[in-house]
Amino acid sequence: MKFVHVPTKRTWLLPNGLIPLANLVKSYGHDVEVIHYGINPIDLTHEDVLFDLHWHDQTSTVIDKCKHIKGQKIIGGFTATYYADQIEEKYPDIKVIRGYAEEELLKYLGHDIKVDINELEYTNFDILRNHEKYLWDKLLVFNPGRGCPVDCTWCGGNSRIQKLCGLNRPLWLDIDKTIYELKNALKYGIETWLVS
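The notes below deal with the structure included here.

**Describing the pairing of strand β4 (residues 73-76)**
Argument step 1. Taking every second residue as pointing to the same face, both faces of β4 are buried, with Lys73 and Ile75 on one and Ile74 and Gly76 on the other.
Argument step 2. With 4 bridges joining them, strand β3 (residues 49-52) and β4 adopt parallel strand pairing. Within β4, the position partnered with Phe51 by the bridge is Ile75.
Argument step 3. Remark: the β3/helix α2 (residues 59-67)/β4 crossover connection has right-handed handedness.
Argument step 4. In the sheet, β4 pairs with strand β5 (residues 94-97) via 4 bridges, with the strands oriented parallel. Note that in β5 the partner of Gly76 across the bridge is Ile97.

Right, here's the structure in full:
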């Protein structure tokens, strides 16, 4: 399965959850690779594909790409979650993974388990094709947790969308896990850590 990020001018960065999600699925024996379509515009026609539909301005591009996929097509992310019913009604051959995707995607793939966010691999970029081209600026965007307690109008990850994703309060990674991930990022030449 290819996990694919289709960027726009505004959305070059991978969503924070894509790398750990792909690493998790791979750990259960599935053949997985992450593709940044802006770096590797490959033919996906005959692949099984999971697209992130995280930011709203990706919507038409992601849906258009889904129309050409002959394998199974799955989308997930905040925007996919918000519009899940409309997407599945209009495009019944697209599976929408709602909310934080780890448990629902694993269940869809035949693994019914609980996932602890401290067990995910956030900075194992080996799963990303040509990761050195993506990490060229030596910048790591990494949030040591998930969720937000406030409701800023301009933010797609505010507390309202978090509730839609099943999260009523922020969850934080253990301090040791955060330090481990930051140290692991150094292997990829990371020099700057950005928290949003």
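**Focus on the packing of aromatic side chains**
Argument step 1. Overall, the coordinates contain 5 aromatic pairs when judged by the stated rule.
Argument step 2. Residues Phe78 and Tyr100 carry aromatic rings whose centres are separated by 6.3 Å and whose planes lie at 80 degrees to one another, so their mutual orientation is edge-to-face. Here the residue Phe78 occupies a position in helix α3 (residues 78-82), and Tyr100 occupies one in the loop between β5 and α5 (102-108), the gap between them amounting to 22 residues.
Argument step 3. Taking relative accessible area as the criterion, Tyr100 reaches 24% and is therefore assigned partly exposed.
Argument step 4. Ring plane angle 65 degrees and centroid distance 5.6 Å describe the contact between Tyr122 and Phe142, whose orientation is recorded as edge-to-face. Taken together, the residues Tyr122 in the loop between α5 and α6 (131-134) and Phe142 in the loop between β6 (139-141) and β7 (145-146) connect sequence positions 20 residues apart.
Argument step 5. The rings of Tyr122, Phe142 and Trp193 are connected pair by pair, giving a single aromatic cluster.
Argument step 6. Between Arg146 and the ring centre of Tyr100, over which it is positioned, the NZ or CZ distance is 4.1 Å.

Rules and cut-offs
Residues numbered from 1 in each chain as written. Predicted model: local features only at pLDDT ≥ 70, side-chain atom pairs only at ≥ 80, totals over all residues. Heavy atoms only, no water. Buried < 20%, exposed > 50% of the residue type's maximum accessible area, 1.4 Å probe, protein only. Helix = DSSP H or I, 4+ residues; strand = E, 2+ residues; numbered from the N terminus. Pairing = 2+ DSSP bridges. Right-handed = clockwise from strand over helix to strand, strands pointing away. Phe/Tyr/Trp six-rings, centres within 6.5 Å; stacked < 30°, edge-to-face > 60°. Lys NZ or Arg CZ within 6 Å of the ring centre and 35° of its normal.

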